[in-house]
Amino acid sequence: MDASSVSPCDLDREFALQIAQLLATPPLQSAQEYYGELIRSKKLDGIRVSYSGKHGKGVYANRDFGEDDLVLKDQMLVGAQDSLNKIDCVVCSYCFHFIGSIEYQIGRRLYLQSLGGSGDGTTERHCHGSDVGSSTGCSGASNGNSNAVPQEVLLSLMDGNTLLPLTDQFCLPPVVACPGGCEGELYCRFVFLIICEYFLICEVAPEMII
Ligand SMILES: [Zn+2]
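The rules we used
Residues numbered from 1 in each chain as written. Predicted model: local features only at pLDDT ≥ 70, side-chain atom pairs only at ≥ 80, totals over all residues. Heavy atoms only, no water. Core = buried A, V, L, I, M, F, W, Y, C linked by side-chain atoms within 4.5 Å. Buried < 20%, exposed > 50% of the residue type's maximum accessible area, 1.4 Å probe, protein only. Helix = DSSP H or I, 4+ residues; strand = E, 2+ residues; numbered from the N terminus. Contact = heavy atoms within 4.5 Å. Salt bridge = Lys/Arg side-chain N within 4 Å of Asp/Glu carboxyl O. Pairing = 2+ DSSP bridges. pLDDT = per-residue confidence, 0-100.

Before going further, it helps to spend a moment on the nonpolar core. Within the largest apolar cluster, 16 residues are counted, with the highest numbers of intra-cluster contacts made by Cys-92 and Ile-99. Contributions of two or more residues to this core are made by α6 (102–116), α7 (151–159) and β4 (186–188). Ignoring any residue separated from it by four or fewer positions in sequence, one finds Ile-99 in contact with Val-90, Val-91, Cys-92, Tyr-104, Gln-105, Leu-172, Pro-173, Pro-174, Val-175, Leu-186, Tyr-187 and Cys-188.

Take a look at the structure:
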């Protein structure tokens, strides 16, 4: 069936020819050259992309690999943190490095847990926001757990007013809000500076640092 004839999207109809060309299987020779160049550019000598009439296209090993040997390392094209995982940890939306501080990570995790779960990890979690105070934050009432850490202690951890032992040995980059205002998107300072350069933003405004 011609997908463009049933698609409700105007773009599908307008660019049906270009879309079909992009989705078409490339000629075997050009695909072979593409993968060959890709592997050479990555300086990988242990694998190759080959074709067989029986199994089709596949990645084959040129040699035996031992435990912990690197087989393939490639640049990530697209990545996103799972929304449920955002409850557990705050990471940079670009490089996924943990950001903030150990205290911030632990305080925020316990705070969200106290709002929406049983604390033992067995209750279905209802949080979908990425930060405390988010309008898309947790639903559900406090569980009333008498063993819970007092909320003021958790807030103190998140604010940086309470320090845990030895955490100065595990410094994390500061949390920086998305300069474009994307809700829930946080970055490490390193990536933020790259973004600033891209958008020609010269200074980090104080309200951008969380
Ligand atoms: Zn980052």
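Having seen the model, we can carry on.
Scanning all chains against the criterion turns up five salt bridges. The shortest N-O distance in the salt bridge between Asp-10 and Arg-13 comes to 2.4 Å. Note that Asp-10 and Arg-13 are positioned in helix α2 (residues 10–14) at a spacing of three residues, about one turn of the helix. Residues Arg-109 and Asp-88 are paired through a salt bridge, measuring 2.8 Å at the closest nitrogen-oxygen approach. Of the two residues, Arg-109 sits in helix α6 while Asp-88 sits in helix α5 (residues 85–88), which places them 21 residues apart along the sequence.

Let's shift gears to the pairing of strand β1 (residues 47–52). Judged from the six bridges that link them, β1 and strand β2 (residues 56–61) form a sheet pairing that is antiparallel. Paired with Ile-47 across the two strands is Ala-61, which belongs to β2. As consecutive antiparallel partners, β1 and β2 are separated by three residues.

Summary statistics for the chain give a mean pLDDT of 78 and a share of 77% for residues scoring 70 or more. Summarising per-element confidence for the chain, the mean pLDDT is lowest in helix α1 (residues 3–6) (57) and highest in α7 (92). Contacts of residues 118–143 to residues separated by more than four positions or lying in other chains number 50 contacts, the stretch itself having pLDDT below 50.

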